[in-house]
Amino acid sequence: MNIIVCVKQVPGTNKVAVDPVTGVLIRDGVDSKINPYDLFALEEGFSLAEKTDGCVKTLSMGPPQAKEALKETLWMGASESVLLSDRKFGGADVAATSCALALGIKKLGEYDIIICGKQTTDGDTAQVGPELAQRLGIEHIANVTEILECRDGYITVTADLDTVIQTAKIKLPCLITIEKDANTPRLPSYNRKKSMDCDELIKVYSVADIPDADENMLGLKGSPTQVERIFPPEKNSGQEISEGSSDELCDKLFELLSTRKFI
Amino acid sequence: MYNKVTQKDIDALIAATSADRVLYGESISEDYSHDELGGISNMPEVLVKVLSTEEVAAVMKHASQNKIPVVVRGSGTGLVGASVALHGGIMLETTAMNKILELDEENLTVTVQPGVLLMELAAFCEEHDFLYPPDPGEKSATIGGNISTNAGGMRAVKYGVTRDYVRGLTAVLPSGEIVTLGGKVVKNSSGYSLKDLIIGSEGTLAVITEAVLKLVPLPKITTSLLVPFTSISDAIGTVPLLIKSRASLTAIEFMEQGTILFSEEYLGKNFPDKKSPAYLILTVDGNDKSVVDAEIDKVAELCIGAGATDALIVDTEERKGSVWSARGAFLEAIKASTTEMDECDVVVPRNKVAEFVLYTHEVSKQLGVRIPSFGHAGDGNLHVYVCRDDLADTAWKDALEKAFDLLYKKARALSGLVSGEHGIGYAKKGFLAEDYGETQLSLMRGIKSAFDPNCILNPGKVF
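So, here is what we can say about the structure in this document. Keep in mind it's a predicted model, so treat the numbers as computed, not measured.

Structural notes on the overall build of chain A
No. 1: Tallying secondary structure elements over chain A gives seven helices and eleven strands in all.
No. 2: Over its C-alpha atoms chain A spans a radius of gyration of 20 Å, differing by no more than 12% from the 18 Å that the globule rule assigns to 263 residues.
No. 3: C-alpha atoms of chain A, sized along the principal axes, occupy 70 × 50 × 40 Å.
No. 4: Across the 263 residues in chain A, those meeting the buried criterion constitute 37%.
No. 5: Put simply, of all contacts in chain A between residues at least 6 apart along the chain, 69% involve residues at least 24 apart.

Quick look at the structure:
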């Protein structure tokens, strides 16, 4: 199976500054890492490739230093990568990002499945995956917790839809986004790091390298939405206290745990 | 020998503290009769949840005047029965004395009450860009307990153990007198170090009520390697080479595949790699990324040269979490894998670790008991667990006795010692006596009687 996994390089810590004028994250001088959600997508990709005798290619859009994130995907098990890097891609919202990634997918050639992380830790929108599928005209399913089966041109997955767990069988090629903690991501291998020629295996493309790119659809220019304000998500540390007999409390606890799908 | 606790004593304890913090009879939970060691338990007659040095002093004064034994207890996570009230009496619980009193950035110290949990202290220090280096696996232990056992942990290779980070102590003597030992000073050649006698004394000399701890600046970068090997002998055999190479390692831990599988089952979470029979985890820290990366490359090459099949890079919070959370749960995981177990926490010279671990395999075969192990290969401290599984009572007791006898004899033959970090408590007294002999034990007894002439503080422990 030909598998493409999209990844994003994000700040390595939560202590990041935001440009007060543009609302864009200031990335210079800040340690970076692969978006933690994408690690689950990568692992799902690698294990699917192992089962189907396939290969994983990775794709990212970002500044030149995003190459470091792609190198790591190679050390984890990817066979080749594409980085879309150009000032003209910069400042993209989810719509412009999905447009650029759709162009990148074409550069990577034939594919059976595209796997994305559920969301990123810096943007938290969880929209790029589904929008990318839309632009490519393929089926998609978000928040996948497990790939149950993959054969005869279909993939069967379970997805966490908040109140229910859905089992879905969809036709390939398709796009799935992977839920947090769906697996334990493998670690980058020192042997692969030492033996791979990453500069050879990572192709970097600018807008000029993509003949059918429409600049008006890319970067800040192609972004219908603007960032007004960035703020951390609200932390929920509330407590719920229940009272009652042991039997009542057992029932209550069971209900609570099952609604939240812990059991 | 000791007096029983009477209503008059309870009234005095309530007067010294408050009624809601003095529990007696059936209102004391069974949990207070034991620590994490199986096989030894006894209920205290009265449990006092203390809040201050003054309260501890008042309780000790009363106990001393009335010859009532006192045992101090933190979180009860000890592994040698040190906090079991063998003679009943008063149990002083310090967990409510859990305040971080002061962070002194000019002297690089933090002052804490004894009930602060290790995980709370670690988080507080990190928040302020400091590191409190001692890092035992049991993060819910109290700092008071850590000082009492001179706990070690996973960073001992580079940073040393709890003793190295205790600058000062406030302690209450069995008589009820309050003493302040050491302080924020860096150097101290002022007479005998009573502070150092109290550290590691397992609650037998004084009650620690406040500690001044030394901090170091938080290293900006910490990277680990998870290194797979095709055999445990190859894995541990690499450790002396790593030490000899002078690589600046913070941690060198070893583990076997079986232990990883137990921890997966226990935590319900997969480990990032479990294909190989044995692993080392190595950590390098520093402030300059290129220096840390170069050191990581050097140790990776050395390990691969010594037979490792790869070296997996553990560099981000997520990756560290997936590896170190499993490592931290090994003890509980092995415990959950069997019906009963006892542990041997020996420490041997670092170049003898491989020999000792391979010997545990021999003993396991010879006696027909499962003996999983893991531990701090870099500092020679091993955690070896003799597991009962489905053995009948007499067969288990027999096997355990024989196994311990062989293991401690071997440690002694290799110039090792009974305990690296868990202490002697009640469980390992016999082995300590065999190791140290009468001269050293009588010195210890002399020290004990100087601090505690009536022997009311944690009687029946250490020797």
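Thoughts on unusual backbone geometry
No. 1: The step from Leu172(A) to Pro173(A) runs through a cis peptide bond, and the omega angle for that step is -5°.
No. 2: With respect to the helices and strands, Pro173(A) occurs in the loop between strand E9 (164–171) and strand E10 (174–178).
No. 3: You will see that Arg246(B), though not glycine, has its phi angle at about 65°, which is positive.
No. 4: A positive phi angle, near 65°, is found at Ser415(B), a position not held by glycine.
No. 5: C-beta crowding within 10 Å serves as the criterion here: with 9 such atoms nearby, Ser415(B) is assigned to the exposed category.

Focus on helix H7 (residues 232–244) of chain B
Residues and elements named next belong to chain B.
No. 1: With 13 residues, H7 should cover 18 Å at 1.5 Å per step; its first-to-last C-alpha distance of 19 Å lies within 8% of that length.
No. 2: Turning to H7, its buried residues number three or more, namely Ile232, Asp234, Ala235, Ile236, Thr238, Val239 and Leu242.
No. 3: Among the structural elements, strand E12 (221–229), strand E13 (251–256), strand E14 (278–286), helix H9 (289–305) and helix H12 (353–367) are those in contact with the buried residues of H7.
No. 4: The positive-phi residue at the C-terminal boundary of H7 is Arg246, with phi of around 65°.

Focus: the interface of chain B and chain A
No. 1: Every contact between the two is made by 16 residues of chain B and, on the other side, twelve residues of chain A.
No. 2: Sorting the residues of the side of chain B that touches chain A by element identifies strand E15 (312–314) and helix H10 (317–328) of chain B as the ones contributing at least two each.

Focus: the environment of Ile296(B)
All names here are of chain B.
No. 1: Looking at the element boundaries, Ile296 is found in helix H9.
No. 2: By the C-beta count within 10 Å, which is 23 here, Ile296 ends up buried.
No. 3: Along the backbone, Ile296 and Leu249 are 47 residues apart, and their C-alpha atoms lie at a distance of 9.2 Å.
No. 4: When residues no more than four places from it in sequence are discounted, the contact partners of Ile296 are Thr223, Leu225 and Val284.

Here's the deal with the sheet that holds strand E4 (residues 90–93) of chain B
All names here are of chain B.
No. 1: Ordered in space as E1-E2-E4-E3, the four strands form an open sheet in which the pairing is mixed. With one partner strand each, in any of the chains shown, strand E1 (22–24) and strand E3 (70–73) form the two edges of the open sheet. On average, adjacent strands in this sheet sit at an angle of 20° to one another, irrespective of strand direction.
No. 2: Taken together, the four bridges between strand E2 (residues 46–49) and E4 define a ladder with parallel strand orientation. Its bridge partner lying in E4, Val48 is registered against Leu92.
No. 3: Where helix H1 (residues 7–16) meets the sheet, its contacts fall on E1 and E2, and the angle it forms with E1 comes to roughly 155°.

Section: helix H8 (residues 257–267) of chain B
Residues and elements named next belong to chain B.
No. 1: Buried within H8 are the following residues: Thr259, Ile260, Phe262 and Ser263. For H8, the arc enclosing every buried residue in end-on projection is 160°, short of the 170-degree limit, so these residues lie on one face.
No. 2: Downstream of H8 by one or two residues, Gly268 has phi in the positive range, about 65°.

Details of the packing of helix H3 (residues 94–108) of chain A against helix H4 (residues 128–136) of chain A
All names here are of chain A.
No. 1: As a packed pair, H3 and H4 sit with axes 8 Å apart at the nearest point and diverge in direction by 55°. By the criterion of interaxial angle, the relationship of H3 to H4 is oblique. Regarding H3 and H4, the two cross each other, and that crossing is right-handed. Residue-level inspection shows Val94, Ala95, Thr97, Ser98, Cys99, Leu101, Ala102 and Ile105 of H3 in contact with H4, the latter providing Val128, Glu131, Leu132, Arg135 and Leu136.

Examining the nonpolar core
What tends to happen in soluble globular proteins is that the nonpolar side chains get buried as a cluster.
No. 1: Counting residues in each nonpolar core, the largest one holds 140 residues, and the members touching the most others are Val59(B), Ile90(B), Leu92(B), Leu225(B), Val227(B) and Leu280(B).
No. 2: If you tally residues by element for this core, the top one is helix H13 (residues 393–413) of chain B, at seven residues.
No. 3: If we ignore the near neighbours within four places in the chain, the residues touching Leu280(B) are Val227(B), Ala235(B), Thr238(B), Ile252(B), Glu253(B), Phe254(B), Cys303(B) and Ala377(B).
No. 4: Judged by nonpolar contacts, the second largest core, of 56 residues, contains Ile4(A), Ile34(A), Ala66(A) and Leu84(A).

A look at the packing of H1(B) against helix H2 (residues 53–66) of chain B
Residue and element names in this part refer to chain B.
No. 1: Viewed as axis vectors pointing N to C, H1 and H2 meet at an angle of 160°, and their least axial separation amounts to 9 Å. Compared by their axis directions, H1 and H2 come out roughly antiparallel. Read as a crossing pair, H1 and H2 show a hand that is right-handed. Facing Asp9, Ala12, Leu13 and Ala16 of H1, the residues of H2 in contact are Glu55, Ala58, Val59, His62 and Asn66.
No. 2: When the residues that make up the contact of H1 with H2 are grouped by side-chain class, the tally is five nonpolar, two polar and two charged.

Focus on the pairing of strand E9 (residues 178–182) of chain B
When a strand is regular, its side chains alternate between the sheet's two faces.
Residue and element names in this part refer to chain B.
No. 1: In the sheet, strand E8 (residues 166–172) pairs with E9 via five bridges, with the strands oriented antiparallel. Along E9, the bridge assignment pairs Gly168 with Gly182.
No. 2: Where E8 folds back onto E9 in an antiparallel hairpin, the turn is made up of five residues, including Gly176, whose phi is positive at roughly 100°.

Side note on the sheet that holds E8(B)
All names here are of chain B.
No. 1: Read from one edge of the open sheet, five strands run E5-E6-E10-E8-E9, paired in antiparallel fashion. Of all strands in the sheet, those bounded by a partner on one side alone are strand E5 (100–104) and E9. Each neighbouring strand pair of the sheet contributes to a mean axis angle of 15°, computed without reference to strand direction.
No. 2: Note: E8 against strand E10 (residues 207–214), six bridges, orientation antiparallel. Residue pairing across strands places Thr170 opposite Glu210, the latter belonging to E10.

Brief notes about the environment of Leu443(B)
No. 1: Relative to the elements of secondary structure, Leu443(B) occurs in helix H14 (residues 429–451).
No. 2: In the structure, Leu443(B) is positioned 302 residues away from Ala141(B) in sequence and 30 Å away in space, judged by C-alpha atoms.

Describing the pairing of E4(B)
All names here are of chain B.
No. 1: Alternating residues of E4 divide into Ile90 and Leu92 and Met91 and Glu93, and every residue in both groups is buried.
No. 2: Pairing geometry for E3 and E4, over four bridges, is parallel. Bridging across to E4, Arg73 finds its partner in Glu93.

The rules we used
- The written sequence of each chain sets the order in which its residues are numbered from 1.
- For naming, the first written chain is A and the first written ligand is 1, with later ones following in the order written.
- Totals for whole chains, interfaces and linings use all residues, but because this is a predicted model, local features are given only for residues with pLDDT of at least 70 and pairs of side-chain atoms are given and counted only at 80 or more.
- Counting from the N terminus, the helices are DSSP H or I runs at least four residues long and the strands are E runs at least two residues long.
- Values of the radius of gyration come from C-alpha atoms, whereas the globule rule sets the reference at 2.2 Å times the count of residues to the power 0.38.
- Here exposure depends only on C-beta density: within 10 Å of a residue's C-beta, 20 or more other C-beta atoms make it buried, 12 or fewer make it exposed, and intermediate numbers make it partly exposed, the C-beta atoms being placed from the backbone.
- Here, residues touch in the contact sense if the C-beta positions derived from the backbone fall within 7 Å of one another.
- In this analysis, the expected span of each helix is defined as 1.5 Å times one less than the number of residues it contains.
- By the convention used here, strands pair only if DSSP detects at least 2 bridges between them.
- Only the stretch in contact is used when a helix axis is fitted, and all axes are lines through C-alpha atoms; the angle between N-to-C directions ranges over 0 to 180 degrees.
- What the arc describes is the spread of directions from the helix axis to the C-beta atoms.
- Roughly parallel refers to an angle under 35 degrees, roughly antiparallel to one over 145, roughly perpendicular to one between 65 and 115, and oblique to any angle outside these ranges.
- In this scheme the handedness of a crossing depends on how the near helix is turned from the far one: anticlockwise by less than a right angle means left-handed, clockwise means right-handed.
- What we call a nonpolar core is a set of buried Ala, Val, Leu, Ile, Met, Phe, Trp, Tyr and Cys residues whose membership is set by joining through C-beta atoms within 7 Å.
- Any residue outside Ala, Val, Leu, Ile, Met, Phe, Trp, Tyr, Cys, Pro, Asp, Glu, Lys and Arg is labelled polar, Gly included; the first ten of those are nonpolar and the last four are charged.

Spatial relationships are all this shows, so hold off on functional conclusions.
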